[in-house]
Amino acid sequence: KGDSMATRLHLAASIMLSLALHVVSTSSLSSCEGGHVRVFSCLGGQRRDKSCLKDLSALVGEQPTLRLRGGSDQQASNFEEIGKAFVSHYYSIFDSNRAGLQGLYQDMSMLTFEGEKIQGAAAIGQKLTSLPFQTVKHEVVTVDSQPAAGGGVLVFACGNLKVDGSENPMKFSQVFCLMPLQGVQGYFCYNDVFRLNYG
C-alpha cells in the first residue's frame, strides 16, 4: 500500500508540474524599452537565454518589474536648472519675437490656452502670434520644476504680464512638460497649459 500511495503521489506531482510548465510556456511577459512595448513569450517563444530565465523567476516568484523608458535611472538630475533656463528662454522670445516660439514645439505638442486646445507646432505658432496685443512683457515670480517620466521635466511658472504698455499687470500661471529631443541634446515643449488668474 505504501508503494501504491507513493506512486500516486509521484504521478500527481508530475501532472501538476506539467500543467505549471504549460502555463508558463504560454504566458507572455512585456517590457518597455525606448517608450515602445515589446511582448515576448518565455520558454514557449524564441527567447531561451538567461534574461528569459530571469523573467521566469520573476513570474513564478514576485511580480516582474517593468522597465519603462525614463525611469529613476534616466531622470534629469539638473531638472531645476533646466526648468529655470527654459522659462527664461521662453518668455524672452515671447516678449521679443513670438513667431520664434514655434521652434520650441513639435508636431505632437499640445497647447491649452485659456481652455482652447491647439496641437502641432505650426498651429501653436499661429495661435501665439495671433493673440490680440502688439507688445507684452512677462515678469516671472516663481518657477517650480520636477523630473518627469521619459527623462522629461515638468515646469510650473507663475508671474505677471503687461500688454501694450499697460500699467495694470495681469497674473498668469503656465505649465510646461519638456521632453528630450531624439538624437541631440536639448528639450522641446510637449505640453503647455496657460491660464490668466482672476480674482
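So, here's what we can say about the structure. (Residues numbered from 1 in each chain as written. Predicted model: local features only at pLDDT ≥ 70, side-chain atom pairs only at ≥ 80, totals over all residues. Heavy atoms only, no water.)

Some thoughts on the pairing of strand 5 (residues 136–147)
Okay, so step 1: Direction of pairing for strand 5 relative to strand 6 (residues 153–163): antiparallel, over a ladder of eleven bridges. By the bridge assignment for strand 6, Asp 144 is matched with Phe 156. (Pairing = 2+ DSSP bridges. Helix = DSSP H or I, 4+ residues; strand = E, 2+ residues; numbered from the N terminus.)

Let's talk about unusual backbone geometry
For residues other than glycine, phi is negative in most cases, and the peptide bonds are mostly trans.
Okay, so step 1: Although it is not a glycine, Glu 114 adopts a positive phi angle of roughly 50 degrees.
Okay, so step 2: Located in the positive-phi region is Asp 164, a residue other than glycine, with phi close to 50 degrees.
Okay, so step 3: As for its position among the elements, Asp 164 is in the loop between strand 6 and strand 7 (170–180).

Focus: the sheet that holds strand 8 (residues 187–197)
Okay, so step 1: Here six strands make up an open sheet; going across it, the order is 4-3-8-7-6-5 and the pairing mixed. Either end of the sheet is taken by a strand with one partner, and the two such strands are strand 4 (116–119) and strand 5. When strand polarity is set aside, the average angle formed by the axes of neighbouring strands in this sheet is 15 degrees.
Okay, so step 2: Examined bridge by bridge, strand 3 (residues 105–113) and strand 4 share four bridges and lie antiparallel to one another. Looking at the pairing, Thr 112 lines up with Lys 117 of strand 4.
Okay, so step 3: Sheet contacts for helix 3 (residues 79–96): strand 3, strand 5, strand 6, strand 7 and strand 8; angle to strand 5, the most-contacted strand, approximately 160 degrees.
Okay, so step 4: Helix-sheet contacts for helix 4 (residues 121–129) involve strand 3 and strand 4, and the interaxial angle to strand 3 is about 40 degrees. (Axes fitted to C-alpha atoms, helices over the stretch in contact; angles between N-to-C directions. Contact = heavy atoms within 4.5 Å.)

Regarding the environment of Val 87
Okay, so step 1: Note on placement: Val 87 falls in helix 3.
Okay, so step 2: Residues Val 87 and Val 140, 53 residues apart in the sequence, show an inter-C-alpha distance of 8.4 Å.
Okay, so step 3: If sequence neighbours within four positions are ignored, Val 87 has contacts with Val 140, Val 143, Val 155, Ala 157 and Phe 176.

Some points on the pattern of salt bridges
It is possible for side chains of opposite charge to pair when their charged atoms get near one another.
Okay, so step 1: Throughout the structure, instances matching the rule amount to one salt bridge.
Okay, so step 2: Its salt-bridge partner being Glu 116, residue Lys 127 comes within 2.9 Å of it at the nearest N-O pair. Taken together, the positions of Lys 127 in helix 4 and Glu 116 in strand 4 put the pair eleven residues apart, joining distant regions of the chain.
Okay, so step 3: Assessed through its relative accessible area of 39%, Glu 116 is described here as partly exposed. (Salt bridge = Lys/Arg side-chain N within 4 Å of Asp/Glu carboxyl O. Buried < 20%, exposed > 50% of the residue type's maximum accessible area, 1.4 Å probe, protein only.)

Regarding helix 3
Okay, so step 1: The end-to-end C-alpha distance of helix 3 is 26 Å, a good match for the 26 Å that 18 residues give at a rise of 1.5 Å each.
Okay, so step 2: Ile 82, Gly 83, Phe 86, Val 87, Tyr 90, Tyr 91, Ile 93 and Phe 94 are the residues of helix 3 that are buried. The arc that holds every buried residue of helix 3, seen down its axis, measures 155 degrees, which confines them to one face. Turned more than 90 degrees from where helix 3 packs its buried face, Glu 81, Lys 84 and Ser 96 sit exposed. (Expected span 1.5 Å × (residues − 1). Arc of directions from axis to C-beta.)

With respect to helix 4
Okay, so step 1: Taken together, the buried positions of helix 4 are Ala 121, Ile 124, Gly 125 and Leu 128. One side of helix 4 holds all its buried residues, which, seen down the axis, span an arc of 100 degrees. Opposite the buried face of helix 4, by more than 90 degrees, sit the exposed residues Ala 122 and Gln 126.
Okay, so step 2: Buried residues along helix 4 sit in contact with helix 3, strand 3 and strand 4.

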